[in-house]
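A closer look at the structure
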Amino acid sequence: MLARVGLALPFALALAAAHVSTAAAQGVPPPPPPPPSGDPVVDAGGGYPASVVDRPLILPSGTAEITGYFWIPTNDGIDLFDYVSMVVSGRYSMGTIEPFAGAELAVITPDGSEVDALQALFAGVGAALGPGVARGQITKLGVDADASWFVLTGRYEYKQKLQPKLALVADGGLEINMLSADPDFSANAIYLSVAGAGQAQLSPVVAFQGGLRLNVPISSGDNQDPDVFTWNTVTQLYGEGLYNMGKLDLFARLGFNLVEDSTTTAFVVGVLARPM
């Protein structure tokens, strides 16, 4: 093996020298212009790319995407597969405007528990604004429950491509929680929400992304005993692998939800489909 390397190296150097001499004699042509990278907000350049790094924050105009996944949490009180919910959502791009909506359904619940099947409904819109996207969303939690819990969120999202196979995505905004059950129970809070994530394209069809979201209460108004109900800082960490199959993406995620002394670990498996 060493003998082969010793022979190959002088031969390669000789070929390189000959190439340089020929180029000097004929004149070196200018390098070709770099391919367009596309707008990270609304224009992927040539359709929706397979590479996660090249995907814009808003789908190309006229494109729809449907997302479906199972959320499988575990913590000190819930074993794996004791509880499973399914989230289905869709979004449609009209160019610089992208409405979306979805729902969460409980499909497996602990024995003897009284968990409503319809866990949440949500809807919102994204709009290109400057170098990023502004998103607003309204969520109704516990749709069939006696309590009324609405969450309003407003965020600004920005994406920066650092290298051909690496990008960063960040967002920040506010989350308003409004919770009430009867005239004797009400709890409201405003959270500051910030997040950052990295995207890496490992191969033409395999990508990885992971990040962190931090929700910190900055204002609250409750009529409850703080020992019974409090608003706490929520830290979310996740890592996700994605496999592209053309108009389908399969993905799996491992997430951690940290609230005070409690940690919930969640497994997520799902699919992204772009039928049009």
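Conventions used here
Residues numbered from 1 in each chain as written. Predicted model: local features only at pLDDT ≥ 70, side-chain atom pairs only at ≥ 80, totals over all residues. Heavy atoms only, no water. Helix = DSSP H or I, 4+ residues; strand = E, 2+ residues; numbered from the N terminus. Buried < 20%, exposed > 50% of the residue type's maximum accessible area, 1.4 Å probe, protein only. Polar contact = N/O pair within 3.5 Å; in protein donor to acceptor, adjacent residues only side chain to side chain. Pairing = 2+ DSSP bridges. Axes fitted to C-alpha atoms, helices over the stretch in contact; angles between N-to-C directions. Phe/Tyr/Trp six-rings, centres within 6.5 Å; stacked < 30°, edge-to-face > 60°. Lys NZ or Arg CZ within 6 Å of the ring centre and 35° of its normal.

Re the environment of Asp249
Tracing the chain through its elements places Asp249 in strand β11 (residues 248–259). You can call Asp249 buried: its relative accessible area is 0%. On a C-alpha basis, the gap between Asp249 and Arg274 in space is 8.9 Å, while along the polypeptide they are 25 residues apart. Polar side-chain contacts of Asp249 include one of 3.0 Å to the side chain of Arg274.

With respect to the sheet that holds strand β8 (residues 185–201)
In spatial order, the strands read β1-β2-β3-β4-β5-β6-β7-β8-β9-β10-β11-β12; together these 12 strands close into a barrel with antiparallel pairing. Here the average twist between neighbouring strands, direction ignored, is 20°. In this sheet, strand β12 (residues 262–273) lies alongside strand β1 (residues 64–74) in antiparallel orientation, the contact comprising nine bridges. Bridged to Ile72 within β12 is Phe267.

Digging into the packing of aromatic side chains
Taken as a whole, this structure holds four aromatic pairs when the rule is applied. Taken together, a centroid distance of 6.3 Å and an interplanar angle of 80° make the contact between Trp71 and Tyr83 edge-to-face. Placement of Trp71 in strand β1 and of Tyr83 in the loop between β1 and β2 (84–92) is noted, with a sequence separation of 12 residues between them. When its relative accessible area of 30% is taken as the criterion, Trp71 is described as partly exposed. For Tyr83, a relative accessible area of 8% gives the class buried. Each residue in the set Trp149, Tyr191 and Trp231 is aromatic and connected to the rest through ring pairs, giving one cluster. A cation over an aromatic ring shows up here: Lys140 above the ring of Phe150, its NZ or CZ 5.5 Å from the ring centre. When the ring centre of Tyr238 is taken as origin, the NZ or CZ atom of Arg253, which lies over that ring, is 4.8 Å away.

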